[in-house]
Structures are given as C-alpha cells and as structure tokens.
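# Overview (structure and organization)
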Amino acid sequence: MTEYATDVLVVGGGPAATWAALKAAEAGARVVLADKGYCGTSGATAAGGTGVWYVPPEPAAREAAMASREGLGGYLADRRWMARVLDETYDRMNELATHGRYPFPTGPDGQPLRGGLQGPEYMRRMRIRIRRAGVRVLDHSPVTELLTDADGIVAGAAGYRRQLRESYRVRAGAVVLATGGCAFLSGALGTNTDTGDGALFAAEVGAELSGMEFSNAYGIAPEGTSVTKTAFYSFATFYQEDGRVLEGAASQGGRSVIARELLTGARVYARLDRADESARAAMRLAQPNFFLTFDRLGIDPFTDRFAVTLLAEGTVRGTGGIRITGDDCATGVAGLYAAGDAATREEICGGFTGGGSHNAAWAISSGSWAAGAPPGTPAPSVPPGRRAVPSPAPAGRACARRGARPARRNTARPWRSYSGRYCRTTRTTSGAARSSRPPCAPSTRPGHSCARVCTAKGPTWSGPGRRRR
Ligand SMILES: Cc1cc2nc3c(=O)[nH]c(=O)nc-3n(C[C@H](O)[C@H](O)[C@H](O)COP(=O)(O)OP(=O)(O)OC[C@H]3O[C@@H](n4cnc5c(N)ncnc54)[C@H](O)[C@@H]3O)c2cc1C
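Residues numbered from 1 in each chain as written. Predicted model: local features only at pLDDT ≥ 70, side-chain atom pairs only at ≥ 80, totals over all residues. Heavy atoms only, no water.

### So, the pairing of strand β10 (residues 218–222)
For β10, a buried count of four out of five residues is recorded, marking the element as mostly surrounded by other parts of the structure. Pairing of β10 with strand β13 (residues 306–312), which is carried by five bridges, proceeds in the antiparallel orientation. What sits directly across from Tyr-218, in β13, is Ala-312. (Buried < 20%, exposed > 50% of the residue type's maximum accessible area, 1.4 Å probe, protein only. Helix = DSSP H or I, 4+ residues; strand = E, 2+ residues; numbered from the N terminus. Pairing = 2+ DSSP bridges.)

Right, dumping it as structure tokens:
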C-alpha cells in the first residue's frame, strides 16, 4: 500500500481531469491525478477528438449559439450557465493556442479554426502541461472507492496501481470526479474506460445524480464501426434501402426517425451531400479521425451512400450525471466536486444530447471551475515552459487532525485561498458544508453504510458488512 497526501485529488485522465489538475496546480495546490488508463490516451476525447462550443464573444453569435439547442433540450437549460461555459471555453481554447501551443488549423481566410480539437494531439499536450505544472500523475491506477472522514466529508480515495500490483490511498483536501460517462457497452471509440465509476462513487457517499432520464442518447456511426461523430451528420441526407430519402431523418431533431427505421430491420444510409467544398475542407482539417474509417473502407462520405447504425452512448452523449450544486461544480457532499461527463450537463443542454460541441466545452469549463478558477480567469502570465515540480508531501501530513485536511500553505494564490476552500475545519464549522450532505445512516440505507472514517491513523472502513482495510 502506497499513501499519498495532497490538496486536490483529480480522478480521471481526460479533458475534464487534466483541466482540473492544471488549474489547481496553477493556483498553487498540490495535485495528484489518478487515471484508470494512461492519461493522454484514455477516455472518449483522446481516441477521437471533439467539436467544441467555441463561439467568439459577439452578442449575435452568442445569442444564436444559446438559442440553437434550447428547444431541442425542452427549454430546461439555463442561460446563465450557457454564458459561463461559452466565456470559459473561449478563454481556455485560446489558452490552448497560446500556452498549450496547440496547432489549430487555419481556414481559407487565414484565421485559426478553433471549433474542434484532434483528440490525440489535444490530450498529449494536456498531459505535458499538467506534468510541467507539477501534477503527480498516477497512470493505470483506477480509483476504486472514495474515503470520507468521520463527518462524511470526502477525504480522499483508494485505488489500485495495476502495473505495480499494489493498492494505494490518497488523502486529499478535495476530490474532483472526472471519470467520464458510462458508455463502455456501446463499443464507441474511446469509451472502454468509461464505466460510470464516478457516478457510483458519488452515490456511495450520498451525492445525488440528476438528469439520468436524458442519458439514452444514441450516436450515429457508419455500420460496423465505432466512430460516432454525429455532429458532421448535420450535413447528411438519410436514405432508405431503396434509395428514397428518409423523410424527417436528421442528426438533430430526427434521430428517432432513423431509430424507428432501423428497428424495422431495414438499413439506413447517409451521404454528407449537404456540405459544400469549403465545409468539406474544414471538416477534414478539424476532425481527420472522422475520415479514417471512410478512407480505410474506400468510401467518400460526401458522394457515396453508406449504411449507418446507432450506438447507445449513455452518459457520454446523454446529459445526466452527478448533480452540481454550485458554480464551482461542487456536489451535495462536502469535499467532492464533479466535472466533465461525470457531471450532469443539463445546465447547458437541457434534455438534449451534449455531443458535437457542448460536452467538450463542458469538460473544459467544469474542469477549470472544479479546481477553483473563477470565470474569466485569464491564461496564466507565466510563459509556457518547465516549472519546478513541488516535492511530494509525506504521507500522513495532510491528515494531521480530524480527517484528511490539507496542510496549510502560504503560497501566494492568484484567485482563491485553498486553505479557505478546502480546509475541513473552516468548512465544517461554518455548518453549510456539513449540512449540505444528506444523511447516510445505516438506518436509511439498509445493509450499507458510508461510515468510512478518516482518523489520525488514516482512513478506515467501519460500516457493517465492510471489511476493515
Ligand atoms: C466517438 C466520440 C466522439 C465524440 N465527439 C464529440 C464532439 O465532437 N463534441 C463533443 O462535445 N463531445 C463529443 N464526444 C463526447 C466527449 O468526448 C466527452 O464529452 C468528453 O470526452 C468528456 O470528457 P471527460 O474528461 O469528462 O471524460 P473522458 O474523456 O471520457 O475521460 C474519462 C477519464 O476517466 C478515467 N476513469 C474512468 N474511471 C476511472 C476510475 N475509476 N479511476 C480513475 N480514472 C478513471 C478514464 O480512464 C478517462 O481517462 C464524443 C464522444 C465519443 C465517444
């Protein structure tokens, strides 16, 4: 068993996790990031890439962006959150260009195209950035459970280091769940590690889920393949087997027509014949991975009709997840934050899928907020380059008093005191944090208790039926 002590533990290794880790480290916190896979290659974005809700801050453009999915989402989205996400995403994408040196392609007018990210390149750069910021990365180290202190406040997590074949435990002042959604059964590209662990961990400690009824979204993929880049199908015409147009079928607002046709046993075909020359060129530049499948199969998706299928993508495409209770992506449980697909995206998507642009923007924004960056935070003024890596704190130091409270540090912080935000004593004596947590007594949840106690000796399990560890 290896023990770590840190201010912030980020669980996950995708965009939400790496933005959270980066922003926390830039704010002066000690950060450990634990990924089930290899951070930079794991998760839904790394394997494929994403269109991003990147909209310049021009009032008309922003208004159109917000209005575009409101009706589809049943008017359940919140314009305040949409505006926050649009602002944050715009800043962070620009930061990717300046500080992350991401090679955005340029359009015919010479302007950079920042509405999409190639997953492998994006996540490779995010890994480099968090390592340079001093984040301790535990690859191939799935978290298996959260740890709480005697007050039920989340105080860290336990997991298993697969390559070292040993258990580990991280005592942390705050835990950010950025474990992605749950879509592994779909077979969609990059979802093999997305087994919904974050939702389970959150529920185990008493956090609420929200919008799970909107988690049945299906992505469109060429038949027999795993690439569900549904946004590009907005340029498609859908056809029946006999070549007639399938009336009403569309990627937005007509996916159920496709589903009904497929359920009859008939095949449905698509052709991206509504994309003009400039759109075709832009699509290839923005998402080359989308075309790999077609190139390998010898299909020109702009001129050939190809059979399509639908893959259920659970909470990766759907919008449900851990309920967010504050602008900083807090959950209902003190010490626990959620970001990316692990969190609900209802605030910006309502009851409609977040695929195609919103989910990627949410991963960036919520990740940044979960680690404490207020909206509108400019890119750090420190020029990109190697920074000193803080030496790891000795295990146990962060658990000096009741629970796993972070050691107080006097590091100058650009926006927020970590000791104020994450210090257990401060939070619990205020009453607010403690009272926000639903009770988790054995009497209310028969056969199960969340009485995992983090004492000065370290977190232990004390619930009935649980082995003491
Ligand atoms: C094929 C495809 C195409 C897509 N295209 C778009 C698009 O164009 N636009 C858009 O907005 N969205 C798109 N999406 C959705 C988008 O990819 C996700 O919204 C985004 O990846 C969410 O980021 P995330 O960091 O929350 O999760 P992920 O990127 O899925 O990362 C989850 C991370 O958590 C780790 N993890 C899981 N469980 C544990 C555990 N127990 N312990 C430690 N680590 C764990 C995983 O290893 C992984 O690193 C697409 C999805 C797919 C599948």
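### Notes on the pairing of strand β6 (residues 143–148)
Taking burial as the measure, the six residues of β6 include five buried ones, the bulk of the element. For β6 and strand β7 (residues 154–161), the ladder comprises five bridges, and the chain directions are antiparallel. Paired with Leu-147 across the bridge in β7 is Gly-156.

### What to know about the site of the ligand
The environment of the ligand is made up of 42 residues, and the closest members are Asp-35, Ser-42, Thr-45, Asp-197 and Lys-229. Note that an oxygen atom of the ligand is positioned 3.1 Å from one of the backbone N or O atoms of Gly-13. Between the ligand and Ala-16, the relevant distance is 3.0 Å, taken from an oxygen atom to a main-chain nitrogen or oxygen of the residue. Within the complex, 99% of the 990 Å² of free accessible area of the ligand lies under protein. Those elements giving two or more residues to the shell around the ligand turn out to be α1 (15–26), α2 (44–47), β3 (49–51), α6 (197–204), α10 (314–317) and α12 (358–370). It is α12 that contributes the most residues to the shell around the ligand, four residues altogether. (Near = heavy atom within 4 Å. Polar contact = N/O pair within 3.5 Å; in protein donor to acceptor, adjacent residues only side chain to side chain. Areas by Shrake-Rupley, 256 points an atom, 1.4 Å probe, with all protein chains shown as cover.)

### What to know about the side chain of Asn-289
Secondary-structure assignment places Asn-289 in helix α9 (residues 288–297). Look at Asn-289 and you get buried, because its relative accessible area is 19%.

### Some thoughts on the environment of Gln-287
Among the secondary structure elements, Gln-287 is positioned in the loop between α8 (277–286) and α9. A residue is classified by how much of its surface remains accessible, and Gln-287, at 2% relative accessible area, is buried. Residues Gln-287 and Gln-118, 169 residues apart in the sequence, show an inter-C-alpha distance of 6.1 Å. Once residues lying within four places of it in the same chain are set aside, the contact partners of Gln-287 are Gly-48, Gly-49, Thr-50, Gly-51, Gly-116, Leu-117, Lys-229 and Phe-232. Separated by 3.4 Å, the side chain of Gln-287 and the backbone oxygen of Leu-117 make a polar contact. (Contact = heavy atoms within 4.5 Å.)

### So, helix α5 (residues 119–132)
Look at α5: 20 Å from first C-alpha to last across 14 residues, which is about the 20 Å you get at 1.5 Å a residue. Regarding α5, the residues found buried are Gly-119, Tyr-122, Met-123, Arg-125, Met-126, Arg-127, Arg-129 and Ile-130. Two residues or fewer past α5, Gly-134 is found with a positive phi of approximately 95 degrees. (Expected span 1.5 Å × (residues − 1).)

### Topic: the packing of α1 against helix α4 (residues 79–98)
Between α1 and α4, whose axes approach to 14 Å, the crossing angle comes to 80 degrees. Classified by the angle between their axes, α1 and α4 sit roughly perpendicular to one another. Taken together, the residues of α4 that come into contact with α1 (itself represented by Trp-19, Leu-22, Lys-23 and Glu-26) are Arg-92, Glu-95 and Leu-96. (Axes fitted to C-alpha atoms, helices over the stretch in contact; angles between N-to-C directions. Parallel < 35°, antiparallel > 145°, perpendicular 65-115°, else oblique.)

### Remarks on unusual backbone geometry
Positive phi is not limited to glycine here, since His-140 has a value of about 50 degrees. Here His-140 lies in the loop between β5 (136–138) and β6. Even without glycine at this site, Arg-165 takes up a positive phi of about 55 degrees. On the basis of relative accessible area, Arg-165 is assigned to the exposed category, the value being 69%.

### Some words on the sheet that holds strand β11 (residues 237–239)
Taken in spatial order, the four strands of this open sheet run β10-β13-β12-β11, and their pairing is antiparallel. Strand pairing shows two members of the sheet lacking a second neighbour, β10 and β11, which therefore form its edges. Sheet twist, expressed as the mean angle between neighbouring strand axes with direction ignored, is 45 degrees. One ladder, built from three bridges, connects β11 with strand β12 (residues 268–271); its direction is antiparallel. The partner of Phe-238 across the bridge, within β12, is Ala-270.

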